[in-house]
Amino acid sequence: MEEARWAGPECLAAGPQLPAEVRRAGGDTARRARDRGGQRGVSCPKMHSDAAAVRSLRSCSSSDCFSKVMPPRKKRRPASGDDLSAKKSRHDSMYRKYDSTRIKTEEEAFSSKRCLEWFYEYAGTDDVVGPEGMEKFCEDIGVEPENVVMLVLAWKLDAQNMGYFTLQEWLKGMTSLQCDTTEKLRNTLDYLRSLLNDSTNFKLIYRYAFDFAREKDQRSLDINTAKCMLGLLLGKIWPLFPVFHQFLEQSKYKVINKDQWCNVLEFSRTINLDLSNYDEDGAWPVLLDEFVEWYKDKQMS
């Protein structure tokens, strides 16, 4: 008898008739297969396995299958030599940055040694900057010798003689200004000029100017020097200065003492331009009494 193949009810119906017991067993087997898989008929287990494999290969993408077959690629760890080289490069970069910052800080910080070397650029072999060195110094910082900022600088240095800076004056004053190079002093000029805008500082500088400009063996300031210094300090801020200058030009005065000098500043600050609030019986020096009288006569004429 031909060997029977299990291929579902269709095969059973078309094939040779088998004994009833065998047919009943086949029917039971088919029913159990339907109960397990929900399909009509029964297929060979080997065929099921091959079909499932084909469906699995078709359903997965090439990248998914490749990722399942090939393990993920690991990052290459740097060799010990490469690692040391990278660390050295980072350290060198950090050092260069630190070193440049340190050098910059050292350049910005005040140095007494650098300040001393700067002084001798103008003093030569002496311990004082004289007229020639002062001229070069003014040229380097871009300021005319007769500029009022030079008077303010002399005040900051507490210089005792016009046209001269001693070593002690230089070191003391430049240390207070934190200047040890020409560039630093140029950058400080605006600050020095701003001191004149403060009334207290201006008064101190004005009083200092008298002693700074006078001859040290004289108690008074000669009239020509006085006119120059007054013009330097009051020429741009006191509208009556041109008239006062004319008065001094035609007056009999050859010198101005310190009391007269200080009262001129007070007069410029407190007396109206028309002199209406000037008190002739006040404690003003005779110099100013004569100026008021001269000015009034000039106005009437």
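First, a word on what this report is: a plain description of the structure on this page. What you see is a predicted model; the values in this text were computed from it and never measured.

Observations regarding the overall build of the chain
Part 1: Secondary structure assignment for the chain yields 16 helices and four strands.
Part 2: Counting every position in the chain, which comprises 301 residues, the buried fraction comes to 31%.
Part 3: The contacts in the chain between residues at least 6 apart in sequence include a share of 64% that link residues at least 24 apart.
Part 4: Surface accessibility of the chain: about 20,800 Å² in total, with carbon and sulfur atoms responsible for 52%.

What to know about a negative patch on the surface
Part 1: Side chains of D279, E280, D281, E293 and D297 sit close together on the surface and give a patch of like negative charge.
Part 2: Within the element layout of this structure, E280 appears in the loop between helix 15 (258-270) and helix 16 (286-300).
Part 3: Looking at E280, the relative accessible area reads 53%, which means it is exposed.

Here we look at the pattern of salt bridges
Part 1: Applying the stated rule across the entire model yields eight salt bridges.
Part 2: Salt-bridge contacts for D180 lead to K184; the nearest nitrogen and oxygen are separated by 3.0 Å.
Part 3: Residue D180 is classed as buried on the basis of its relative accessible area of 1%.
Part 4: A salt bridge links D211 to R214; the shortest N-O distance between them is 3.1 Å.
Part 5: Each member of the salt-bridge network shares a partner with another, and the members are R114, D180 and K184.

Quick notes on the side chain of D180
Part 1: Note on placement: D180 falls in the loop between helix 9 (167-177) and helix 10 (182-186).
Part 2: Within the local environment of D180, its side chain forms a polar contact with the side chain of R114, the two groups lying 3.0 Å apart.
Part 3: A polar side-chain atom of D180 sits 3.0 Å from a polar atom in the side chain of K184.
Part 4: When residues no more than four places from it in sequence are discounted, the contact partners of D180 are A109, F110, S111, R114, C115 and W118.

Side note on unusual backbone geometry
Part 1: The phi dihedral of D158 is positive, around 55°, even though this residue is not glycine.
Part 2: On the secondary structure map, D158 appears in the loop between helix 8 (148-157) and strand 2 (165-166).
Part 3: Its relative accessible area of 38% is what places D158 among the partly exposed residues.
Part 4: Positioned with a positive phi, Q178 is a non-glycine residue whose angle comes to about 60°.
Part 5: Following the sequence through the fold, Q178 ends up in the loop between helix 9 and helix 10.
Part 6: Q178 gets classed as partly exposed once you look at its relative accessible area, which sits at 44%.

Some remarks on the side chain of S268
Part 1: Topologically, S268 is positioned in helix 15.
Part 2: Among the polar contacts made by the side chain of S268, one reaches the main-chain carbonyl oxygen of L265 at a distance of 2.7 Å.
Part 3: What S268 contacts, discounting residues up to four positions off in sequence, is L234 and W238.

A word on the packing of aromatic side chains
Two measures describe an aromatic ring pair: the distance that separates the ring centres and the angle between the ring planes.
Part 1: Here the structure, examined in full by the defined rule, presents 24 aromatic pairs.
Part 2: Aromatic pair F244 and F291: ring centres 5.1 Å apart, planes at 85°, arrangement edge-to-face. Linking F244 in helix 14 (residues 241-250) with F291 in helix 16, this pair joins segments that are 47 residues apart in sequence.
Part 3: Measuring from centroid to centroid gives 5.8 Å for F247 and W294, while their planes differ by 55°, and the two rings are tilted. Placement of F247 in helix 14 and of W294 in helix 16 is noted, with a sequence separation of 47 residues between them.

Calculation criteria
Residues numbered from 1 in each chain as written. Predicted model: local features only at pLDDT ≥ 70, side-chain atom pairs only at ≥ 80, totals over all residues. Heavy atoms only, no water. Helix = DSSP H or I, 4+ residues; strand = E, 2+ residues; numbered from the N terminus. Buried < 20%, exposed > 50% of the residue type's maximum accessible area, 1.4 Å probe, protein only. Contact = heavy atoms within 4.5 Å. Areas by Shrake-Rupley, 256 points an atom, 1.4 Å probe, with all protein chains shown as cover. Patch = residues over 30% accessible without salt bridge, like charges linked within 9 Å, V, L, I, M, F, W, Y side chains within 5 Å. Salt bridge = Lys/Arg side-chain N within 4 Å of Asp/Glu carboxyl O. Lys, Arg positive; Asp, Glu negative; His and termini not counted. Charge placed at Lys NZ, Arg CZ, Asp CG, Glu CD. Polar contact = N/O pair within 3.5 Å; in protein donor to acceptor, adjacent residues only side chain to side chain. Phe/Tyr/Trp six-rings, centres within 6.5 Å; stacked < 30°, edge-to-face > 60°.

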